[in-house]
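# Geometric and topological summary
Residues per chain are reported as follows:
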Amino acid sequence: MILYITVAVVTALLASLVDNHPTEKSHTITRQKLANRVCLTAIFLILFLLSACRLNVGNDYAKYVEFMHLVNCNAYVPTEIGFNLLVKLIYGLSGYENFLLVFAFYSFVTVLFFLLAMYGQSDEFGLTFFLFMTLGYYFQTFSTVRYYLALALALYSMKFVLKRQWGRFVVLVLLGATFHKSLLVVIPLYFLASLSWKKWQLAIAAVFCTTFLFLQDFYLKLVVFLYPTYEDTEYLEGGTSYISILRCAAVLGFAGIVYLMRRREDSSRNGADIEKSCNDEAGINGEKNVTNIEEEVWNRRFWFYTYLNLGALVLYVFCSFLPIISRIGYYLMVSQILFLPMLLKAVPDKKWRRVFRAGLLLAAVAYFAMYLKKGANDGVLILPYKTFFFHDMVNILSDVN
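Conventions adopted
Residues numbered from 1 in each chain as written. Predicted model: local features only at pLDDT ≥ 70, side-chain atom pairs only at ≥ 80, totals over all residues. Heavy atoms only, no water. Helix = DSSP H or I, 4+ residues; strand = E, 2+ residues; numbered from the N terminus. Buried < 20%, exposed > 50% of the residue type's maximum accessible area, 1.4 Å probe, protein only. Contact = heavy atoms within 4.5 Å. Areas by Shrake-Rupley, 256 points an atom, 1.4 Å probe, with all protein chains shown as cover. Patch = residues over 30% accessible without salt bridge, like charges linked within 9 Å, V, L, I, M, F, W, Y side chains within 5 Å. Salt bridge = Lys/Arg side-chain N within 4 Å of Asp/Glu carboxyl O. Expected span 1.5 Å × (residues − 1). Arc of directions from axis to C-beta. Phe/Tyr/Trp six-rings, centres within 6.5 Å; stacked < 30°, edge-to-face > 60°. Lys NZ or Arg CZ within 6 Å of the ring centre and 35° of its normal.

### Observations concerning the overall build of the protein
In terms of regular secondary structure, the protein is built from 19 helices and 0 strands. Across the 401 residues of the protein, 45% fall into the buried class. For the protein, long-range pairs separated by at least 24 residues make up 77% of all intrachain contacts whose partners lie at least 6 apart in sequence. Split by element, the accessible area of the protein, about 21,200 Å² in all, is 65% carbon and sulfur.

Encoded structure:
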C-alpha cells in the first residue's frame, strides 16, 4: 500500500508541473515545453514499469496466463482475435510462453493512450491525472487488462466525437474491439450523447428507460445472444454500484450548479456590454465571433459529458439486472476525469472555485483511501504487490491438471 501511495503522490506532483495548454505557439523549445516532456516521460515510465513488472497482481492475472497458454495450444478461449493474435505473435517471437511480455505490452499501450487522452483533452492536466490515480483507474488496469485497454481507447476517442470526425472514431473503436468487443457499445452511446437533445426527446428517452423494468427477460436474451459465453454462468446475476450512482449524481449536480453560475455571469456581462456604446463596432464584432465559437465548443463538450454521466446513472439505476453493467457504465463515467476539471475552470467566482476544488480533492482522496483498503479483497487483488524479480508465478489450472 505504501508503494501505491508513493507512486500516486510522486506522479501527481509531476503532473502538476505539466501545462497542456502552453501559451507559446512557436516551434521553439521553451522551458515549459521541456518540463512537459520530462514530466510526462517520467510519469509514463513510472506507471508502465510498475504495471509491467508485476507478477500475479490483479484479480484475473492467473486466469489470463491460463488463457494465453490455451491460445498457444490452439484451444478454444473466449477472448477476441486481437488478444489471441498478440499472444501467438509474442510467444512465437520469444520461443516460449512469455506471458510477462504480453502483460508489458498491454501496460505500455494502456498507459500511453490514457496519458495521450488526458494531455490532449483536459482543461487542467494535473487535476485530471490526480483523478485518474485517486479514482482507481490506473490501479484497475492491473485487472481485466483487455477491458482497460479498451477503456483507454474509449477516452481517447472522445476527441473525435467532439470534432465530429466519425470515420476516425469508428476505425479506432473497431480496432479496440478486436481486444475487447464491449467497446462496440460506445459507437451508439457516444453518438447519442453528442446529439442536441430537445426536452420532448428526453421525455421519450425517459419513457423508453421504463422498459428496462418490465422487459428484463428480453434484454437478458439479447445479452446472451451478443455474449454466448455468459449463458448459465454467474455473469448473468447482474448487480449495481451505489458508489457509481452517487458519483454520477454528484457530478450532474455540480454540472447543474456551474451551468446556472455561467448563465448568470453571461447575463451580467451582456447587460454591461450594452452600455458600452463608444467602442469600435468592428472590434466588438470580432471579439464576439471568437467568444461565440469558444462558447459553442464549451457547450458541445458540456452537454456531451453531461449526457454520458446521465446515461451512466440510468444504466446503474434501471439496468442492474444486466451482466457486468459496470463495464458499460465505466465507458461513460470515465469522462468524469475530463468533465470535472472543465467544470471547475468554468466557475466564474474565484472563491467558489477554491471551495469546489477543495471539496473535489478531499472526495477523491477519500475514495482512494477506500479503494486501497479493499485492495486485497477478491475482485480487486492489487495487494500485496509482487514482482517477477522476487516472486515466482503460481501454478495455473493447466499445470494443476
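Now that the structure has been shown, the text picks up again.
### Overview of the environment of Leu183
With respect to the secondary-structure elements, Leu183 resides in the loop between helix H9 (166-177) and helix H10 (186-193). Given a relative accessible area of 1%, Leu183 falls into the buried group. Ignoring any residue separated from it by four or fewer positions in sequence, one finds Leu183 in contact with Ala150, Leu153, Ala154, Val173, Gly176, Ala177 and Tyr331.

### Some remarks on a nonpolar patch on the surface
Nonpolar side chains collect at one region of the surface, where Leu213, Phe214, Leu215, Phe218, Leu222 and Phe225 lie side by side and expose about 670 Å² of accessible area between them. Elements supplying a minimum of two residues to the nonpolar patch: helix H12 (211-214) and helix H13 (216-226). Relative to the helices and strands, Leu222 is located in helix H13.

### Overview of the environment of Ala364
Residue placement: Ala364 occurs in helix H18 (residues 350-373). Residues Ala364 and Phe132 lie 232 residues apart in sequence; the distance between their C-alpha atoms is 9.6 Å. Leaving out residues up to four positions away in the same chain, Ala364 has contacts with Phe130, Leu131 and Thr134.

### Section: the pattern of salt bridges
As enumerated under the stated definition, the model contains 5 salt bridges in all. Across the pair Glu80 and Arg146 runs a salt bridge whose closest N-O atoms are separated by 2.7 Å. With a gap of 66 residues between them, Glu80 in the loop between helix H3 (61-72) and helix H4 (81-94) and Arg146 in helix H8 (residues 145-162) connect regions that are remote in the sequence. Each of the two residues, Glu80 as well as Arg146, counts as buried. With a closest N to O distance of 2.8 Å, Glu124 and Arg357 form a salt bridge. With Glu124 in the loop between helix H5 (99-121) and helix H6 (125-134) and Arg357 in helix H18, this pair connects stretches of sequence that are 233 residues apart. Assessed through its relative accessible area of 29%, Glu124 is described here as partly exposed.

### Looking at unusual backbone geometry
The step from Leu383 to Pro384 runs through a cis peptide bond, and the omega angle for that step is -5°. You can see Pro384 is positioned in the loop between H18 and helix H19 (397-400). Backbone geometry places Asn56, a non-glycine residue, at a positive phi of 55°. In this structure, Asn56 sits in the loop between helix H2 (31-52) and H3.

### Comments concerning H9
Between its first and last C-alpha atoms H9 spans 16 Å; for 12 residues at 1.5 Å apiece the expected length is 16 Å, and the two agree. Along H9, the residues classified as buried are Phe169, Leu172, Val173, Gly176 and Ala177. All buried residues of H9 project into a common sector of 135° when viewed along the axis, lining one side. Counted as exposed and oriented over 90 degrees from the buried face of H9: Arg168, Val171 and Leu175.

### Digging into the packing of aromatic side chains
Using the criterion set out here, one finds 46 aromatic pairs in the structure. Their ring planes at 90° and their centres at 5.1 Å tell us that Phe44 and Phe108 sit as a pair that is edge-to-face. Placement of Phe44 in helix H2 and of Phe108 in helix H5 is noted, with a sequence separation of 64 residues between them. Phe44 gets classed as buried once you look at its relative accessible area, which sits at 13%. Relative accessible area serves as the criterion here: at 38%, Phe108 is assigned to the partly exposed category. The residue whose ring lies beneath Arg247 is Tyr367, and the NZ or CZ to ring-centre distance is 5.3 Å. For Arg327, the ring lying beneath its charged end belongs to Tyr147, and the centroid distance is 5.8 Å.

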